[in-house]
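# Secondary and tertiary structure notes
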Amino acid sequence: MTFVIKNTLSAAKEPERAILQLVRQYGYSNDSCFAIRLALEEALTNAIKHGNRGDPDKQLTIRVFIGPEEAIIYVADEGAGFEPCSVPDCTTPQRISLPDGRGIMLMKAYLDEVTYSERGNEVRLLKRNN
Amino acid sequence: MAEEQKSHLKITRHQGVCIAEFEDRKILEELSISEIGELLSQIVDSEPDLKLVLSFRNVEHLSSAALGMLINLRSEVREKDGQLKLSNIRPQIYEVFKITKLNKLFEIHDTAAQAMQAFAQPQE
């Protein structure tokens, strides 16, 4: 299943709804559904706001591979990409009071795998059904 | 107990403490997070030395943007010499606070009543 959508948070609702419906149909646990929803929300927000820099003329491509054992979702933006290692640790005393920078940390904490394309403009999310 | 209804929030005032309960099950979307942030900022601005409890009783999902809004709110409350406590956070959501270590930044109580009682305790 592939979605090509406008670069807006409202356009992201439909693929999000369809993906969650599918994982529920496959009987993923409540905790897994929570994790997928949270990670998807963060990935889509990052792609729209940071990747495509909020440009409404750009698009997102969301590719979805969901089976009974694992769910894999790719979210690609049309931006220049970034270096994931360059994102600072938001839990240090210097940064914990800052309001931003927790999205990638939450995705990594809740999913089994979070990887980025070489350019950094596509994230691959993997959650196993356990 | 005085009660007022604002969009996204139910506000109750009791014994000098303002209890704001999130009405939404999901605090995910940028627009609603921004609206909630503005509503809470208005309360903080209008009441110096505010004692505020934020109840998450209804909240099932929370995004990093919502955490950002809470961090900003904490700063605003402190600037006005107020106090902020969080309550009724279900285990799945508390895990989000733990992962981001925000459970150490915020004072979190099991219930709003316990948070209210804590206001009566002497500050350390």
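Look above for the structure.
Residues numbered from 1 in each chain as written. Chains lettered and ligands numbered in written order. Predicted model: local features only at pLDDT ≥ 70, side-chain atom pairs only at ≥ 80, totals over all residues. Heavy atoms only, no water.

## Considering the pattern of salt bridges
Heads up, the rule is: Put simply, a salt bridge is a Lys or Arg side-chain nitrogen that is within 4 Å of an Asp or Glu carboxyl oxygen. Put simply, DSSP H or I for four residues or longer makes a helix, DSSP E for two residues or longer makes a strand, and each gets a number counted from the N terminus. Relative accessibility under 20% of the residue-type maximum defines a buried residue, over 50% an exposed one, and the middle range a partly exposed one, all with a 1.4 Å probe and only protein chains included.
Here the structure, examined in full by the defined rule, presents twelve salt bridges over all chains. Between Arg57 of chain B and Glu21 of chain B there is a salt bridge; the shortest N-O distance is 3.1 Å. Residue Arg57 of chain B is found in the loop between strand 5 (51-55) and strand 6 (61-62), and its partner Glu21 of chain B is found in strand 3 (residues 17-22); the two are separated by 36 residues along the sequence. Under the relative-accessibility criterion, Arg57 of chain B is labelled partly exposed at 46%. Its salt-bridge partner being Arg25 of chain B, residue Glu60 of chain B comes within 2.6 Å of it at the nearest N-O pair. Highlighted residues: Glu60 of chain B in the loop between strand 5 and strand 6 and Arg25 of chain B in the loop between strand 3 and strand 4 (26-27), separated in sequence by 35 residues. Sharing partners across several salt bridges, the network here consists of Asp112, Glu113, Arg124 and Arg128 of chain A.

## A word on helix 5 (residues 112-120) of chain B
Residue and element names in this part refer to chain B. What counts, and what does not: Arc definition: it is the arc formed by the directions from the helix axis to the C-beta atoms. Contact definition: two residues touch when any of their heavy atoms are within 4.5 Å.
Burial in helix 5 covers these residues: Ala112, Ala115, Met116, Ala118 and Phe119. For helix 5, the angular spread of buried residues about the axis comes to 155 degrees, placing them on one side. Turned more than 90 degrees away from the buried face of helix 5, the exposed residues are Gln117 and Ala120. In this structure, the buried side of helix 5 is in contact with strand 2 (9-14), strand 3, strand 5, strand 7 (83-87) and strand 8 (108-109).

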